[in-house]
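This is what each chain is made of:
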Amino acid sequence: MRALLLVALAALAGPALAEPPEPAPAPSSAWLERQQSAAADEADAAGARSSKVPAVKENCRVVKQWKVGDTVVKHRVCDDAPKPAAPAGQG
């Protein structure tokens, strides 16, 4: 009885497993335009955000320099950036 049931299930599932899966439909052009415009908006926002922040100057010095093949490797030591002074009257 169990063997008959397994054969019946295999016969039902056989054609479905033998067919190749359908390819996914291509996204619509409107969807692609939305994705591209969203990416462009994010890039513009990132550019605007980074231009408003002043660049912090690093106080670094090269301690050791050596050559590995064609590449020059530098070991740098950076000092901490100066901290803003605490307001008077606190402390």
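Above this text you will find the structure in question.
What you see is a predicted model; the values in this text were computed from it and never measured. (Residues numbered from 1 in each chain as written. Predicted model: local features only at pLDDT ≥ 70, side-chain atom pairs only at ≥ 80, totals over all residues. Heavy atoms only, no water.)

Here the focus is the overall build of the protein chain. Regarding its fold elements, the protein chain presents 2 helices and 2 strands. Helices and strands in the protein chain line up, N terminus first, as α-α-β-β. Expressed as a percentage of its 91 residues, the buried residues of the protein chain come to 0%. On the protein chain, roughly 8,800 Å² of surface is accessible, and the fraction owed to carbon and sulfur atoms is 60%. (Helix = DSSP H or I, 4+ residues; strand = E, 2+ residues; numbered from the N terminus. Buried < 20%, exposed > 50% of the residue type's maximum accessible area, 1.4 Å probe, protein only. Areas by Shrake-Rupley, 256 points an atom, 1.4 Å probe, with all protein chains shown as cover.)

This next bit is on the pairing of strand β2 (residues 71–79). Pairing of strand β1 (residues 59–68) with β2, which is carried by 9 bridges, proceeds in the antiparallel orientation. Note that in β2 the partner of N59 across the bridge is D79. Here β1 folds back onto β2, and the loop between the two strands holds 2 residues, one of which, G69, carries a positive phi near 65°. (Pairing = 2+ DSSP bridges.)

Another aspect to go through is the pattern of salt bridges. All told, the structure shown has 1 salt bridge when counted by the stated rule. Close ionic contact of D79 with R61 constitutes a salt bridge, the shortest N to O distance being 3.5 Å. With D79 in strand β2 and R61 in strand β1, the pair connects residues that are 18 residues apart, well separated along the chain. Residue class for D79 comes out partly exposed when judged on its relative accessible area of 43%. The partly exposed category is assigned to R61, whose relative accessible area is 46%. (Salt bridge = Lys/Arg side-chain N within 4 Å of Asp/Glu carboxyl O.)

Once that is clear, we can look at the state of the cysteines. Under the criterion given, the structure shown has 1 disulfide. Between the sulfur of C60 and that of C78 lies a disulfide, 2.0 Å long from S to S. Negative torsions about the S-S bond denote left-handed disulfides, and the value of about 100° found for C60 with C78 makes this one right-handed. In this pair, C60 is assigned in strand β1 and C78 in strand β2, connecting sequence segments 18 residues apart. Looking at C60, the relative accessible area reads 28%, which means it is partly exposed. The exposure class assigned to C78 is partly exposed, which follows from its relative accessible area of 39%. (Disulfide = S-S within 2.5 Å.)

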